[in-house]
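# Survey of secondary and tertiary structure
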Amino acid sequence: MQEPKIPLVSIVGPTATGKTELAINLAIKFGGEIVSGDSMQIYKEFDILSAKPTSEQLKKVPHYLVDHLSVKEEFSVAKFTELASAIIGSIFKSGKLPFLVGGTGLYIDALLKNINFEENKEDCKSKVDLSTYNNKDLMLMLEKIDIVSAKKIHMNDTKRLKRAIEFFYASGYPISEQNARSKLSKSKYKVCKIGLNYKNRKLLYRKINKRVEGMFANGIVQEVCNAIKLVPSKTAASAIGYKEIVSFVLGKCSEQEAIDNLKQATRRYAKRQLTWFRRDKDINWVYVDDFDSFEDIIEKGTEIIKKSDLFKINIEG
């Protein structure tokens, strides 16, 4: 007989939709603890840049994988799944309901679908240097070695294009084959998925723009300056907003240009998040602009969890 699956609530969606606040309120209602599914909240020095939960929010419900590493350290999907899996298991054993909350789709899918990313496949710069290739060239290269991945990855998704190519030259086989092998492993979790979004995209963009303005008012420039002194890892330096602030600090653009650039980069990131999450047909979408108050959104989330089969006994694999 196989082990029962671990019940888990996953709250996802684009940036600036209120995932943290919803998760905290639902965790309080259902006796839960929160694991961050955000690749940048892991860093101690990125409070403002990662829109990390406030100190007051962190006091309300235990949070994990927040303030866990220095920006000097690399982080990866492989490390995330290893850490998050252990933490979720511990939360469940303590009698609490695990909540996985964030917008890093790759990390969340890898954990929930039990996709295994082999850590030694990630360090492959010695095998291939892609720094001089544009996206069109990268796509042409990927089509020759991994047509399955080439059909799934967007031409503008430079990071995933490079990773798929680097994986091939490091391992000798396509990353799509690795993903297919991994998906043969069954998930350890029984998940209730809630997605936050706006029907009116302009309202989401307005929220993003306001958040970015608040970041500058609250000291994001000084935060990045402090991080620069530590020489951030490649992972940390890829955070949305980091290069925009660095350009301002180096005098390559004005502060207003940096603000505008960060607004644009964040809006584009939100689009990519939505593209990723919309592929998952199991997500129960909650549209913020359908509700009169956030309390009503909390009530809707409560209803979704109660109607799910999360608490039914399940001993199937």
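All of the points below concern the structure found in this document. These numbers were taken from a predicted model, which means no experiment stands behind them. (Residues numbered from 1 in each chain as written. Predicted model: local features only at pLDDT ≥ 70, side-chain atom pairs only at ≥ 80, totals over all residues. Heavy atoms only, no water.)

Attention now moves to a positive patch on the surface. Taken together, the side chains of K243, R268, K271 and R272 define a basic patch exposed on the protein surface. A per-element tally of the positive patch places helix α13 (residues 255-277) first, with three residues. (Patch = residues over 30% accessible without salt bridge, like charges linked within 9 Å, V, L, I, M, F, W, Y side chains within 5 Å. Areas by Shrake-Rupley, 256 points an atom, 1.4 Å probe, with all protein chains shown as cover. Salt bridge = Lys/Arg side-chain N within 4 Å of Asp/Glu carboxyl O. Lys, Arg positive; Asp, Glu negative; His and termini not counted. Charge placed at Lys NZ, Arg CZ, Asp CG, Glu CD. Helix = DSSP H or I, 4+ residues; strand = E, 2+ residues; numbered from the N terminus.)

Here the focus is the pairing of strand β4 (residues 97-101). The buried fraction of β4 is high, at five of five residues. Along β4, one buried face is formed by L97, F99 and V101 and the opposite face, lined by P98 and L100, is buried too. Bridge count between strand β1 (residues 6-12) and β4: three bridges; the pairing is parallel. Bridge pairing in β4 places S10 opposite L100. (Buried < 20%, exposed > 50% of the residue type's maximum accessible area, 1.4 Å probe, protein only. Pairing = 2+ DSSP bridges.)

This part is about the nonpolar core. By size, the foremost hydrophobic cluster in this structure holds 77 residues, and its most contacted members are F99, I194 and I220. With seven residues, α13 is the single largest residue contributor to this core. Beyond its immediate stretch of four places on either side in the chain, F99 contacts V9, I11, A23, L26, A27, F30, G32, E33, I34, V35 and I305. (Core = buried A, V, L, I, M, F, W, Y, C linked by side-chain atoms within 4.5 Å. Contact = heavy atoms within 4.5 Å.)

To continue, consider the pattern of salt bridges. Close approach of charged atoms lets side chains of opposite charge pair. With the rule as written, the count across this model stands at 10 salt bridges. One salt bridge in this structure joins K263 and E213, with 2.7 Å as the shortest N-O distance. Taken as a pair, K263 in helix α13 and E213 in helix α9 (residues 201-217) lie far apart in primary sequence, 50 residues in all. Overall, the relative accessible area of 12% leaves K263 in the buried class. Linked by salt bridges that have partners in common, D47, K52 and D67 make up one network.

Turning our eyes to something else, we now look at the packing of helix α1 (residues 19-30) against helix α14 (residues 294-307). Contact pair α1 / α14: the axes reach a minimum separation of 10 Å and the direction vectors enclose 55 degrees. Accordingly, the angle class assigned to the pair α1 and α14 is oblique. In the packing of α1 onto α14, the handedness of the crossing is right-handed. Taken together, the residues of α14 that come into contact with α1 (itself represented by E21, L22, N25, L26, K29 and F30) are F294, I297, I298, E299, G301, T302, I305 and K306. Class assignment of the residues belonging to the contact of α1 with α14 gives a composition of seven nonpolar, three polar and four charged. (Axes fitted to C-alpha atoms, helices over the stretch in contact; angles between N-to-C directions. Parallel < 35°, antiparallel > 145°, perpendicular 65-115°, else oblique. Left-handed = near helix turned anticlockwise from the far one by under 90°. Nonpolar A, V, L, I, M, F, W, Y, C, P; charged D, E, K, R; others polar.)

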